[in-house]
Amino acid sequence: MSLRGGEILTKEQRLEYTGIPDSLNEADIARYYTLSQSDIEIINRHRRDYNRLGFALQLCVLRYPGWPLSIVKDIPQNVLTYVAEQIDVKPEIYLQYRQREATVQEHLDEIRQEYGYKAFSEREKLTLSKSLYNFAMENGNSLYLINTAISELRKNKVVMPAMATIEYAVWESRKTAEEVIFSTVNNCITQKQKQMLDELVNSKVEKNKTCLTWLREYPTRHSPEAFEKVIEKLEYIKSLNLTINTSGIHHNRLVQLSRMGARYETQAFQRFEDSKRYAILVIYILDLSQDLIDFAIEIHDRQMMSLENSGRRQQEEIQKQNGKSLNEKVVHYASLVKALSRARSDGLDPYETIEVSVMPWDKLVSSGQEAEKLARPIDYDYLDLLESKFNTLRKYTPTLLKSLEYRSTKSTESLLEAISIINEMNSSKKRIVPQNAPLDFINNRWNKYVFNKDGTVNRRYYELAVLTELKNGIRSGDISVVGSRRHKDFDEYLVSEDDWNDKKANNTTKLVVSSSFSEYIEERKEALLKRIKWISENIQTLEGVSLEKGEIELKRLEKNTPDEAKNYSKSIYELIPRVKLTDLLMEVMSWTNFEEQFTHASTGKAPKEDEKETILATLIAMGTNIGLTKMADATNNISYYQMANEAQWRMYDDAMNRARSILVNFHHKLYFPSYWGDGTTSSSDGMRVTTSVSSLHGEHNPHYGSGKGSTMYRFISDQYSVFYSKVINTNARDAVHVIDGLLHHETDLNIKEHYTDTAGFTEQTFGLCHLLGFRFAPRLRDIADAKLYTFTKPSDYPKLQNLLKYKINTKIIEKNYDDILRLAHTIREGKVSASLIMGKLGSYARKNSLSDALREMGRIEKTIFILDYISSEELRRRIQKGLNKGEAAHSLARSVFFAKRGEFHERDLQDQMQRDSALTLLIDAITIWNTVYLTKAVDYLRDRNELNEDLLAYVSPLNWEHINFYGHYSFNKRSITTLDSLRPLNIKTNK
């Protein structure tokens, strides 16, 4: 049945909101339904037990879930019993109370008077509408607004009205907010611009391709041709001359509307009323222009990397080709040195000695000339080989330097001047670099190539140096690109100084360190000194650790898993029933209702009952990598177009994240996961996935072979739930992405300690994790080479003098302390991702005081951690155990993501991330299903006195041998053909 206007929820969802969940555990029941002594005194004023019980229940349900008994029809038996026991009555008498509707209403009025509850009057309706309007201006998600409305009514002690009333209030507020936003945008555009926007969705650039469709085509290669196409689209957007004042529109709302614009087909825009069409198009196109600028910069970055790699390979090839000749010259050189040494020691004529014992003089001269031709630069650089590639770069670099607008810090002003000079040379077709061209941005490496022997500037090398430094400056943040999302001016990423000062003054920064540098540094000195003293006193008794000769040596951890654990786990899993992946998902859906989080990106409505199977089919199609086409062939009554629609409109990143949170939170509340951990520790690691198609984001990594690929970077809790995942560059340092997962997983897990492998470790990550309240604990494979620091002279600790070789620079921390806290606060608030900022801080070509100060703070935390690491075998085992859980999750992921050889066939990063999110949901669903059935198996063994509870910690919920991922094959005799009655060919008729 279709939903009427103003309706958002399905019938089942309304019952969930207004009912008491059967799944409430004892702690939840106690929290919501425990009566105070004052409550019991008021209850006991009433005559008859059933009245007392009815009054008590009426009071309880008004507190949670918030509706009166006239709406909350069914009271779970465990809740009924809990309330009845508190007032010493029998629970079964409640049936007598429900027969007296008048009494129920009288008691509701009495509770309102006694406890200050208010009826949902016109005044309360107006108050709620105003409040919802403000929230709707920030977030248009319907479920978010419904939950907000319920929260506001509870906070104000308003008796909840019918769910349909709340839905209508949300729908009305959302509609009003959208009208205000649409009006704001429309007031900023002219009639001519509206005509151009209409042409965007109506005019064709090619057969069956509108201008809008053309704009949406993202580049898949990092070629000069791809760059030019990106700039062509940017120039088209610039020609629209769109500028809107968004100061009154919340950033989150702009993001939501832009995502809607990205999903709407051209035909949908054509059907919209004018205000909605123009507003969404403008917001989307302005957002798209940022993406295009970032694509252009990424293509240049890849082109310069490709150029450098080409130079390296060419130099290696030269060495291979000339190997024999080079060896000959080395032999000649050794013989020459030997002859000259003998001539000097024996007083012989050196020239005669050379001719007699080495070779005739004319051959020696000829050999020297050959050696000169074979010789590479003394520093073995390859820059001289890049000149031949200059013309390839020139296919796009004039456009790069001219079409994008750059801004710089003081340290790179000369580079912008050089760009301006090259632009002028290009426009005037001059070949000679003017004498006043800036040169101070050119480093020593480029110097010898930029200047010719006569002192003039080599045009080609000058431009190559500019292009290289431009790449480096953009990476580090020294150069910003106007209109970019990822390459803005560094200060634009941070919260304003006024906001930061207000947060400090009110002590609401959410950072775990003092805003006072002196308090911070004294606390860290005390923490470090405490560990140094302990290790100095116990240096001879450290377990599995040797500190001889100033190097840390750790013995390999011995296995401490009981021998019988593996067989015990196998015996429990033998009790678990075999299941198809489809049935497993259906069961988990019925337990958790995670599918309700897939609200429609445009309407905000939850999926209807007949859509739920399509959602599950789409999840399986993407999460197993089968794809929508093959999945449609393998399922009955679910078409490709149905799944494509669900993928486009319901499976956007926010919805995927919400669904994942529902699964993780459900799993966290089960009792069995407590055998594995308490949900306060986690680990992260990457799983590389080959990219079999041309993709701008796919890169080579020699560690994984010759193919290009990306990395699924996955976070797993100590309870085995995957609570965050993202697709990252396969050559990126894992460390820059660690904090993203710890801050933005949106689950109930309270992660305090996080483990990574060595690749996930940088000193800046140590520093930032400490400021944000996380204990960063990487496994250090190369710990013997680790540098340890102290605040005083290493000689102050004679037993550890050879270990503590370096001193912390506290002056640079003090100088930048407030800026670092402001940076950490910005990341904590989600204004910018940690991975973006950490990537820039790690890329500064020149010394940067903020980067250096954060590194010094990280060195404090790294030293503290390493001292803990070597002093505690239990910590080392905890880290190892956490990382092993991540490896187990990867094994399951590879088995689930089995189709197409487990390779990405998607070109766009967003599509790859959608596959990764679907895979994560399948993993978490499998984890939940296994945990629930393991619980049932354990209960069975406990009843038979066959349970060994000590071994349950070693039973992982990530086994999958009992799960059928590959589908069900049926054989239909009625579809058999003969040689005379074959299936018809797919013949397309020409239209």
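The shown structure was predicted, so the numbers you read here are calculated from the model rather than taken from an experiment.

Trainee: For the packing of aromatic side chains, give the residues involved together with the corresponding values.
Mentor: All told, the structure shown has 37 aromatic pairs when counted by the stated rule. Between Tyr789 and Tyr806 the ring centres are 5.4 Å apart and the planes differ by 40°, which places this aromatic pair in the tilted class. Placement of the pair is Tyr789 in strand E14 (residues 789-790) and Tyr806 in strand E15 (residues 806-807), with a sequence separation of 17 residues. For Tyr789, a relative accessible area of 5% corresponds to the buried category. Members of the aromatic cluster, connected to one another through ring pairs, are Tyr671, Phe672, Tyr675, Trp676 and Tyr720. Taking NZ or CZ as reference, Arg277 lies 5.0 Å from the ring centre of Tyr278, over its face. Just above the ring of Tyr720 sits the side chain of Lys885; from NZ or CZ to the centre is 4.9 Å.

Trainee: Can you tell me about helix H37 (residues 834-841), naming the residues and giving the values?
Mentor: Burial analysis of H37 places seven of its eight residues in the buried class, the great majority of the element. Those residues of H37 that fall on the buried side of the exposure criterion are Ala834, Ser835, Leu836, Ile837, Met838, Lys840 and Leu841.

Trainee: Account for the environment of Trp960, naming residues and giving values.
Mentor: Turning to its location among the elements, Trp960 is positioned in the loop between helix H40 (909-943) and strand E16 (963-964). In the structure, Trp960 is positioned 518 residues away from Ile442 in sequence and 58 Å away in space, judged by C-alpha atoms. When near neighbours in sequence (up to four residues on either side) are disregarded, Trp960 contacts Ser891, Leu892, Ser895 and Phe965.

Trainee: Give a detailed account of the side chain of Ser684, specifying residues and quantitative values.
Mentor: One can find Ser684 in strand E8 (residues 681-690). Classification of Ser684 as buried rests on a relative accessible area of 3%. When neighbours within four sequence positions are excluded, Ser684 is seen to be in contact with Tyr713, Arg714, Phe715, Val738, His754, Tyr755, Thr756 and Leu883.

Trainee: Could you give an account of the layout of surface pockets, naming the residues involved and the relevant values?
Mentor: Empty space within the second largest pocket amounts to approximately 1,300 Å³. Residue lining of the second largest pocket: 37 residues in total, with Thr561, Gln880, Lys881, Asn884 and Lys885 positioned closest to the centre. Mapped by element, the contributors of at least two residues to the lining of the second largest pocket are strand E6 (553-554), helix H28 (565-573) and helix H39 (873-896). For the lining of the second largest pocket, the element with the highest residue contribution is H39, accounting for nine residues. Among the residues forming the lining of the second largest pocket, the class breakdown is 15 nonpolar, seven polar and 15 charged. Among the domains, domain 4 (510-541 + 733-871) and domain 5 (562-681 + 886-990) are the pair contributing at least three residues each to the lining of the second largest pocket.

Trainee: So what's going on with the packing of helix H10 (residues 163-186) against helix H16 (residues 274-321)? Which residues, and what values?
Mentor: At a closest axis distance of 9 Å, the pairing of H10 and H16 adopts a crossing angle of 70°. Taken together, the axes of H10 and H16 are roughly perpendicular relative to one another. Seen from H10, the contacting residues are Ile181, Phe182, Ser183, Val185 and Asn186; seen from H16, they are Asp274, Ser275, Lys276, Tyr278, Ala279, Ile280, Val282 and Ile283. A breakdown of the residues in the contact of H10 with H16 according to their chemical character gives eight nonpolar, three polar and two charged.

Trainee: Run through the UniProt feature "domain: DUF4158" (unreviewed entry) in the protein chain, naming residues and quoting values.
Mentor: The sites that UniProt annotates as "domain: DUF4158" (unreviewed entry) are residues 8-172. In this annotation, residues 8-172 is assigned 65% helix and 0% strand; the end-to-end C-alpha distance for the span is 11 Å.

Trainee: Please set out unusual backbone geometry residue by residue, giving values where relevant.
Mentor: The peptide bond linking Tyr64 to Pro65 adopts the cis configuration, its omega dihedral lying at 15°. Of note, Asn625 is a non-glycine position whose phi angle comes to about 75°, a positive value. Residue Asn625 is classed as buried on the basis of its relative accessible area, which comes to 0%. Even without a glycine there, the phi angle at Lys900 is positive, about 55°. Topologically, Lys900 is positioned in the loop between H39 and H40. Look at Lys900 and you get partly exposed, because its relative accessible area is 33%.

Trainee: Explain a nonpolar patch on the surface to me, using residue names and the numbers behind them.
Mentor: Nonpolar side chains collect at one region of the surface, where Tyr351, Trp361 and Val365 lie side by side and expose about 310 Å² of accessible area between them. With respect to the element layout, Tyr351 can be found in helix H18 (residues 350-357). Given the relative accessible area of 52%, Tyr351 is considered exposed.

Trainee: Can you explain the domain arrangement of the protein chain? Please cite residues and give values.
Mentor: A common measure of how large an interface is: the accessible area buried when the components associate. Domain annotation for the protein chain reports domain 1 (11-182), domain 2 (189-404), domain 3 (405-488), domain 4 (510-541 + 733-871) and domain 5 (562-681 + 886-990). Relative placement of domain 1 and domain 5: their C-alpha centres are 35 Å apart. Each side of the interface is counted separately: domain 1 has seven residues, and domain 5 has twelve residues. Between domain 1 and domain 5, a total of about 760 Å² is buried, with carbon and sulfur atoms accounting for 34% of that surface. Scanning the region where domain 1 abuts domain 5 turns up zero salt bridges. Linking domain 1 with domain 5 are five residue pairs in polar contact (both at pLDDT 80 or more), by the criterion used here.

Trainee: Run through the nonpolar core, naming residues and quoting values.
Mentor: One finds Leu53, Ile75, Leu404, Tyr406, Tyr462 and Phe598 to be the most contacted residues of the largest nonpolar core, which totals 206 residues. Broken down by element, the residue count for this core peaks at 17 residues, all from H16. Beyond its immediate sequence surroundings of up to four residues, Tyr406 is in contact with Ile297, Leu400, Leu401, Leu416, Ile419, Leu470, Ile474, Ile479, Ser480 and Val481. Counting 80 residues, the second largest nonpolar core, distinct from the first, contains Leu494, Phe517, Leu749 and Leu836.

Trainee: Can you break down the pairing of strand E10 (residues 708-717) residue by residue, with the values?
Mentor: Of all ten residues in E10, nine are buried; the element is thus mostly enclosed. Of the pairings in the sheet, the one linking E8 to E10 comprises nine bridges and is antiparallel in character. Within the sheet, the bridge partner assigned to Gly686 lies in E10 and is Tyr713.

Trainee: Go over empty space enclosed by the protein with me, naming the residues and quoting the values.
Mentor: One pass over the structure, following the stated rule, counts two cavities of 30 Å³ or more. Here the second largest cavity defines a volume of roughly 30 Å³. Around the second largest cavity, the lining residues are Met304, Leu307, Glu308, Leu383, Leu386, Arg445, Trp446 and Thr468. Looking at the lining of the second largest cavity, the elements that each hand over two or more residues are H16 and helix H23 (444-450).

Trainee: Could you give an account of the pattern of salt bridges, naming the residues involved and the relevant values?
Mentor: One pass over the structure, following the stated rule, counts 52 salt bridges. The partner of Arg485 in a salt bridge is Asp291, with the nearest N and O atoms 2.7 Å apart. One end of the pair, Arg485, is in the loop between strand E4 (479-481) and helix H25 (490-493); the other, Asp291, is in helix H16, with 194 residues separating them in the sequence. Among the salt bridges present, the one from Arg877 reaches Glu873, with a minimum N-O distance of 3.0 Å. Taken together, the positions of Arg877 and Glu873, both in helix H39 and four residues apart, correspond to about one turn of that helix. A residue is classified by how much of its surface remains accessible, and Glu873, at 21% relative accessible area, is partly exposed. Among the charged side chains, a network of salt bridges with common partners joins Arg531, Glu753, Arg775, Asp868, Glu874 and Arg878.

Trainee: For the side chain of Asp740, give the residues involved together with the corresponding values.
Mentor: In this structure, Asp740 sits in helix H34 (residues 738-743). Taking relative accessible area as the criterion, Asp740 reaches 3% and is therefore assigned buried. From its side chain, Asp740 meets the backbone nitrogen of Ala834 in a polar contact 3.0 Å long. When neighbours within four sequence positions are excluded, Asp740 is seen to be in contact with Tyr724, Lys726, Ser833, Ala834 and Ser835.

Here is what the cut-offs are and how they apply
- Numbers given for residues are sequential positions, taken from 1 along each chain in its written order.
- Thresholds applied to this predicted model are a pLDDT of at least 70 for local features of residues and 80 or more for the giving and counting of side-chain atom pairs; totals over whole chains, interfaces and linings are not thresholded and use all residues.
- Calculation of side-chain values draws on the structure's entire complement of heavy atoms; hydrogens and water are dropped beforehand.
- Working definition: a ring pair exists when centres of Phe, Tyr or Trp rings (six-membered ring for Trp) sit within 6.5 Å. Plane angles under 30 degrees give stacked, over 60 give edge-to-face, the rest tilted.
- Helix numbering and strand numbering both begin at the N terminus, where a helix is a DSSP run of H or I of at least 4 residues and a strand a DSSP run of E of at least 2.
- The rule is simple: take the accessible area with a 1.4 Å probe, protein chains only, and divide by the maximum for that residue type; under 20% is buried, over 50% is exposed, in between is partly exposed.
- Whether a charge sits over a ring depends on NZ of Lys or CZ of Arg being within 6 Å of the ring centre and within 35 degrees of the ring normal.
- In this description, contact between two residues means that some pair of their heavy atoms is separated by no more than 4.5 Å.
- The method works on a 1 Å grid over the protein atoms by themselves. A cavity is a set of points holding a 1.4 Å probe that cannot get out, a pocket is an open set with protein on both sides within 12 Å along at least five of seven lines, and residues with an atom within 4 Å of a point line them.
- Grid points are joined across faces, edges and corners, and a volume is the space filled by probe spheres set on the points.
- Throughout, the ten residues Ala, Val, Leu, Ile, Met, Phe, Trp, Tyr, Cys and Pro are labelled nonpolar, Asp, Glu, Lys and Arg are labelled charged, and all others, Gly among them, are labelled polar.
- Domain segmentation is taken from an automatic or database assignment of domains.
- Helix axes are fitted to C-alpha atoms over the stretch in contact, other axes to C-alpha atoms as well, and angles between N-to-C directions run from 0 to 180 degrees.
- Small angles under 35 degrees read as roughly parallel and large ones over 145 as roughly antiparallel, with 65 to 115 read as roughly perpendicular and the rest as oblique.
- UniProt positions are given in the numbering used here, feature names are shortened, and annotations may be inferred rather than shown by experiment.
- Residues enter patches when they are more than 30% accessible in relative terms and free of salt bridges; like-charged ones are connected within 9 Å and nonpolar ones (Val, Leu, Ile, Met, Phe, Trp, Tyr) within 5 Å.
- Residue exposure ignores everything except the shown protein chains as possible cover, and the areas themselves are Shrake-Rupley values with a 1.4 Å probe.
- For salt bridges, the criterion is a side-chain nitrogen of Lys or Arg within 4 Å of an Asp or Glu carboxyl oxygen.
- Defined here as a combined quantity, buried area equals the accessible surface (1.4 Å probe) lost by two parts on assembly, summed across both.
- Whenever a nitrogen or oxygen atom comes within 3.5 Å of another N or O atom, the pair is scored as a polar contact, on the condition that within protein one atom can donate a hydrogen and the other can accept it, and that pairs from neighbouring residues in sequence are kept only if both atoms are in side chains.
- Residue types Ala, Val, Leu, Ile, Met, Phe, Trp, Tyr and Cys, when buried and joined through side-chain atoms within 4.5 Å, form a set referred to as a nonpolar core.
- Only strands joined by at least two bridges in the DSSP assignment are considered to pair.

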